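This is what each chain is made of:
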Amino acid sequence: MTPKSAAAAARSTVYGYPRQGQDRELKKAIEGYWKGRVTAEALRATAAGLRRANGQALAEAGIDEVPTGDFSYYDHVLDTTAMVGAIPRRHRAAVEADALDGYFAMARGTQDAPPLEMTKWFDTNYHYLVPELGPDTVFSADSAKQVAELKEALALGLTARPVLVGPVTYLLLAKPAPGVPAGFDPLTLLDRLLPVYAEVLADLRAAGAEWVQLDEPALVQDRTPAELNAAERAYRDLGALPDRPKLLVASYFDRLGEALPVLAKAPVEGLALDFTEAAAANLEALAAVGGLPGKRLVAGVVNGRNVWVNDLSKSLATLGTLLGLAGRVDVAASCSLLHVPLDTTPERDIEPQILRWLAFARQKTAEIVTLAKGLARGTDAITAELAANRADLASRTGSPITRDPAVRARAEAVTDADARRAQSYPERAAAQRAHLGLPLLPTTTIGSFPQTGEVRTARADLRAGRIDTAGYEERIRAEIQEVISFQEKTGLDVLVHGEAERNDMVQYFAEQLTGYLATQHGWVQSYGTRCVRPPILAGDISRPEPMTVRWTTYAQSLSDRPVKGMLTGPVTMLAWSFVRDDQPLGDTARQVALALRDEVNDLEAAGTSVIQVDEPALRETLPLRAADRPAYLAWATEAFRLTTAGVRPKTQIHTHMCYAEFGDIVRAIDDLDADVISLEAARSHMQVARELATHGYPREAGPGVYDIHSPRVPSAEEAAELLRTGLKAIPAERLWVNPDCGLKTRAWPETRASLENLVAAARTVRGELR
Ligand code: GLN
Ligand code: ZN
């Protein structure tokens, strides 16, 4: 191996491509199929057309080796569950009756069989369906989908590489099936699973696969020696198979760390590593193991999960360093391009100059091809591309959007005191008690009320010019009036305006902040057929004018009870956007926090005495490796405090988070220094209340007593029982009564009934306290 021959062999590839099509054709076909308007045959034809278009687009762009099997009707982890035959018992009959309907039954549930649980794919906003395994699980290979999609691509004359979720990651992502003891470790099934992978690999080999990629992103997380040992065994066994394709084991989203030496020694032919944010750590670890002599190294130098144009010279430098470390170096995106929108070209609302700073899947593909060309033939072969890239990067760096001196000066002048409230929590709590005069066990909601068809129509009418702003605002005010009068009648203690004016809790603010860009077509799959268009946090952030004050004050004008001001917190504003990559996240968070701080202060000045700053994303952005978490939590909690610390002691700051497991961040939650926190708890029967108590959490808290993820109406007695359970962990003086989360996705009838029961429960339990 010489660096020169390694360079000459450089090829370009990707691990996956957006599945939905430019106009979300796949989503439309699938949803049509669910409604009975599209036949199975038509759906299959749409899917095949999209796969063909993707494969051909990649090949035409110059990608040497295209992925197959990355297509999915719903989720690639669910596809893996089907491939290894781990169908939950409750769905087996449906799958046997009809594979496609059974597949969707696992994803979405049926009247009598709940779906598989859904959760976030590592630290992305993509959700996968969690495999359910137990000691009785019997695996069986079904390679049909993988083989068919490979053959499709080969028939088009493409060089194709099937991509599978690797066996170790598959097991590490699984959970004990219902009824299986929680202590069951799915990894104990490895020896049963490997023969199934062996069979699939043999089928793919027979179908013409030279290489197969096995994705093992779970190996970039902290792993125990037993887990690393499982990885070693898995690849020793798969590597030892007699008739198999060459194996490429892929990692992404972070550094491989202690898993790198394990994989480097494994008898596989190639490794794929992330050289974006994890570049330095992976480079160092690669050098430490003496490189990958004779092996294929796929270098993910183009960020597969963010939207910025690549710095080609910098990537070439990284690639150059890698040349001495492997038999062959290929160029790729750091992860599947599933996580970015398809194409910047149709964006009309973004200035052409600014659009050139952005690279979606199609643009990233071109970058990868250019880099592979530059690596194989030298930079002289890509002079024009390098010059254009330098110009685009310079235009971004020099733009007033990127750098606003006033924003920077303000962020630099922030002191510790700015992020600290004037009085300690106990002093504030007393002031707030006197000021607000709330009863014991105060009742409230999380913010949004049902988004009715009328509100959505009004928003569509405004966009289409069928009504003007005044007409739209009239509709919103009518909605607020209804929400306030319902809450008064029902007897809630702290009211909300209902968030009718918000399409989405991040987008609503992004649209009003300077420094954010919005796309028209930038759809990204969130789960199944649900796609989102994350805003792009492109430059320095400022708030030209108040964003929520007029709605909150209007709502307050209708009632004598306190109305909560509702804001989305800085961490969530970052987590559900594409963030800038040219400064530390903490710096960006601080700018967003300062803009939100102005909003908080304006709300207070307008007479709002309770302000809630939602941070549902605080936990999901937690870095994958424990070593990186303290730094993250430090800037994240500082940003929250900077947002909220400017108010008087008697103004009550609430926050809200929605997930049931958060033992590992209780300390950070306390560090937010909020006065009240509301949390999801109904399904876990107040587990969070116990966790808060265990950690000695000293503040007021509202563990949810109404599961809003289901149309089911909890009875007053049921809610009261949850409150009594809550009281065992949190004293009455600090316990709030509220639902798990916002009511946006619920309908009015069940919302009405549930909140009436919630208030009744609070009254009953208050009575018992006397
Ligand atoms: N205030 C928001 C709402 O009620 C909170 C949503 C969330 O936590 N995801 O909709
Ligand atoms: Zn929530």
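This structure is a prediction, so every number in the text was calculated from the model and none was measured.

### Points about the overall build of the protein chain
At step 1: For the protein chain, the count of helices and strands is 29 helices and 20 strands.
At step 2: Radius of gyration (C-alpha) of the protein chain: 27 Å, near the 27 Å computed for a compact globule of 770 residues.
At step 3: In terms of overall dimensions, the protein chain has C-alpha extents of about 80 × 60 × 55 Å along its principal axes.
At step 4: Each of the 770 residues in the protein chain was classed as buried or not, and the buried ones make up 58%.
At step 5: If you take every contact in the protein chain between residues at least 6 apart in sequence, the share linking residues at least 24 apart comes to 79%.
At step 6: A total accessible area of about 29,600 Å² is found for the protein chain, and carbon and sulfur atoms account for 52% of it.
At step 7: Placing the 86 positive and 100 negative side-chain charges of the protein chain at their respective mean positions leaves the two points 0 Å apart.

### Side note on the UniProt feature "binding site: L-methionine" (unreviewed entry) in the protein chain
At step 1: Taken from the UniProt record, the annotation "binding site: L-methionine" (unreviewed entry) applies to Ile446, Gly447, Ser448, Glu499 and Asp614. Of the residues just listed, which span 169 residues, no C-alpha pair is farther apart than 12.9 Å, and they cluster in one region.
At step 2: By the secondary structure assignment, isoleucine 446 is in the loop between helix 18 (425-436) and helix 19 (453-463).
At step 3: Setting aside residues no more than four positions away along its own chain, isoleucine 446 makes contact with Glu499, Met566, Gln612, His656, Ser678, Asn738, Pro739, Asp740, Cys741 and Gly742.
At step 4: Summarising the element assignment, glycine 447 is placed in the loop between helix 18 and helix 19.
At step 5: Look past the residues within four positions of glycine 447 in its chain and what remains in contact with it is Val496, Gly498, Glu499 and Met566.

### A closer look at unusual backbone geometry
At step 1: Here glutamate 499, not a glycine, exhibits a phi torsion of approximately 60 degrees, which is positive.
At step 2: Mapped onto the elements, glutamate 499 comes out in the loop between helix 20 (469-490) and helix 21 (507-510).
At step 3: Take glutamate 499: its relative accessible area is 10%, and that puts it in the buried class.
At step 4: Non-glycine residue methionine 686 carries a positive phi angle of around 70 degrees.

### Some details on the packing of aromatic side chains
At step 1: Summed over the entire model, instances satisfying the criterion amount to 16 aromatic pairs.
At step 2: Pairing phenylalanine 71 with tyrosine 73 gives two aromatic rings, centres 5.2 Å apart and planes at 80 degrees, and the pair type is edge-to-face. Both residues of the pair, phenylalanine 71 and tyrosine 73, count as buried.
At step 3: Aromatic rings pair up to connect Tyr33, Trp34, Phe71, Tyr73, Tyr74, Tyr103 and Phe104 into one cluster.
At step 4: The residue whose ring lies beneath arginine 24 is tryptophan 523, and the NZ or CZ to ring-centre distance is 3.7 Å.
At step 5: Sitting above the plane of the phenylalanine 71 ring, arginine 51 keeps its charged end 4.7 Å from the centroid.

### So, the UniProt feature "binding site: L-homocysteine" (unreviewed entry) in the protein chain
At step 1: Summarizing the sequence annotation, UniProt attributes the feature "binding site: L-homocysteine" (unreviewed entry) to Ile446, Gly447, Ser448, Glu499 and Asp614 in the numbering used throughout.
At step 2: In this structure isoleucine 446 comes out as buried when scored by relative accessible area, which is 5%.
At step 3: Once you skip the residues sitting within four places of it in the chain, glutamate 499 turns out to touch Ile446, Gly447, Ser448, Gln451 and Met566.

### A few points about helix 4 (residues 76-83)
At step 1: For helix 4, the buried fraction is high: 7 of the 8 residues fall into the buried class.
At step 2: Two or three places before valine 77, at the start of helix 4, stands the capping residue aspartate 75, its side-chain oxygen 3.1 Å from that residue's backbone nitrogen.

### Topic: the coordination of the zinc ion (ligand 2)
Geometrically, a metal with four donors at the corners of a regular tetrahedron has ideal angles of 109.5 degrees, and one with six donors at the corners of a regular octahedron has ideal angles of 90 or 180 degrees.
At step 1: Distances from the zinc ion (ligand 2) to its protein donors, namely His656 (NE2), Cys658 (SG) and Cys741 (SG), fall within the range 2.0 to 2.3 Å.
At step 2: Coordination geometry of the zinc ion (ligand 2): the 4 donor atoms subtend angles of 91 to 122 degrees at the metal centre, consistent with an arrangement described as tetrahedral.

### Quick word on the pattern of salt bridges
At step 1: In this structure the tally under the stated criterion is 54 salt bridges.
At step 2: Aspartate 675 is the partner of arginine 421 in a salt bridge, and the nearest nitrogen-oxygen pair spans 2.6 Å. You can see arginine 421 sitting in the loop between helix 17 (405-412) and helix 18 and its partner aspartate 675 sitting in the loop between helix 26 (666-671) and strand 19 (676-679), a full 254 residues away along the chain. Neither arginine 421 nor aspartate 675 differs from the other in exposure class; each is buried.

### Comments concerning the site of ligand 1
At step 1: Around ligand 1, the neighbouring residues are Ile446, Gly447, Ser448, Glu499, Met505, Met566, Asp614, Pro616, His656, Cys658, Cys741 and Gly742.
At step 2: Here an oxygen atom of ligand 1 sits 2.8 Å away from a polar atom, N or O, in the side chain of serine 448.
At step 3: Between ligand 1 and the protein, one listed contact pairs a nitrogen atom with a side-chain N or O atom of aspartate 614 at 2.6 Å.
At step 4: A per-class count over the shell around ligand 1 returns 6 nonpolar, 4 polar and 2 charged.

### Side note on the pairing of strand 11 (residues 326-333)
At step 1: Across the 8 residues that make up strand 11, a large majority, 6, are buried.
At step 2: Bridge count for strand 10 (residues 292-302) against strand 11 is 7 bridges, and the pairing is parallel. Paired with arginine 296 across the strands is arginine 328, a residue of strand 11.
At step 3: In this region the chain leaves strand 10, passes through helix 13 (residues 312-323) and returns to the parallel neighbour strand 11; the handedness of that crossover is right-handed.

### Observations regarding the sheet that holds strand 11
At step 1: Pairing within the open sheet is parallel, and its 7 strands lie in the order 1-5-7-8-9-10-11. Unpaired on one side and paired on the other, strand 1 (66-68) and strand 11 mark the two borders of the sheet. Going across the sheet, the axis of each strand differs from the next one's by a mean of 30 degrees, ignoring polarity.
At step 2: Here 3 bridges tie strand 8 (residues 246-250) to strand 9 (residues 270-274), and the two strands are oriented parallel to one another. Looking at strand 9, one finds that leucine 248 is bridged to glycine 270.
At step 3: Sheet strands touched by helix 7 (residues 144-155): strand 1 and strand 5 (160-165). Its angle to strand 5, the strand with the most contacts, is close to 160 degrees.
At step 4: Its contacts with the sheet put helix 12 (residues 279-288) on strand 9 and strand 10, and the angle it makes with strand 9 is roughly 145 degrees.

### Considering the environment of leucine 679
At step 1: Topologically, leucine 679 is positioned in strand 19.
At step 2: As for leucine 679 and methionine 657, which are separated by 22 residues in sequence, their C-alpha atoms are 5.3 Å apart.
At step 3: For leucine 679, the contacting residues outside a window of four places in its chain are His656, Met657, Phe662, Val688, Leu692, Gly702, Pro703, Gly704 and Asp740.

### With respect to the sheet that holds strand 18 (residues 652-657)
At step 1: The strand order across the open sheet formed by 5 strands is 16-17-18-19-20, and the pairing between neighbours is parallel. Each of the sheet's edge strands pairs with one partner strand only, and the pair in question is strand 16 (564-568) and strand 20 (700-703). Neighbour to neighbour, the strand axes of the sheet diverge by 20 degrees on average, direction disregarded.
At step 2: Pairing of strand 16 with strand 17 (residues 610-614) involves 5 bridges; the strand directions are parallel. Across the sheet, the residue bridging to lysine 564 is valine 610, located in strand 17.
At step 3: Taken strand by strand, helix 24 (residues 585-605) contacts strand 16 and strand 17, and its axis lies near 175 degrees from that of strand 16.

Analysis parameters
Residues numbered from 1 in each chain as written. Chains lettered and ligands numbered in written order. Predicted model: local features only at pLDDT ≥ 70, side-chain atom pairs only at ≥ 80, totals over all residues. Heavy atoms only, no water. Helix = DSSP H or I, 4+ residues; strand = E, 2+ residues; numbered from the N terminus. Rg over C-alpha atoms; globule rule 2.2 N^0.38 Å. Buried < 20%, exposed > 50% of the residue type's maximum accessible area, 1.4 Å probe, protein only. Contact = heavy atoms within 4.5 Å. Areas by Shrake-Rupley, 256 points an atom, 1.4 Å probe, with all protein chains shown as cover. Lys, Arg positive; Asp, Glu negative; His and termini not counted. Charge placed at Lys NZ, Arg CZ, Asp CG, Glu CD. UniProt positions renumbered as here; feature names shortened; annotations may be inferred. Phe/Tyr/Trp six-rings, centres within 6.5 Å; stacked < 30°, edge-to-face > 60°. Lys NZ or Arg CZ within 6 Å of the ring centre and 35° of its normal. Polar contact = N/O pair within 3.5 Å; in protein donor to acceptor, adjacent residues only side chain to side chain. Donors = N, O, S within 2.8 Å, 3.2 Å for Na, K, Ca; no water. Tetrahedral: all angles 85-135°; square planar, octahedral: opposite > 155°, others 65-115°. Salt bridge = Lys/Arg side-chain N within 4 Å of Asp/Glu carboxyl O. Near = heavy atom within 4 Å. Nonpolar A, V, L, I, M, F, W, Y, C, P; charged D, E, K, R; others polar. Pairing = 2+ DSSP bridges. Right-handed = clockwise from strand over helix to strand, strands pointing away. Axes fitted to C-alpha atoms, helices over the stretch in contact; angles between N-to-C directions.

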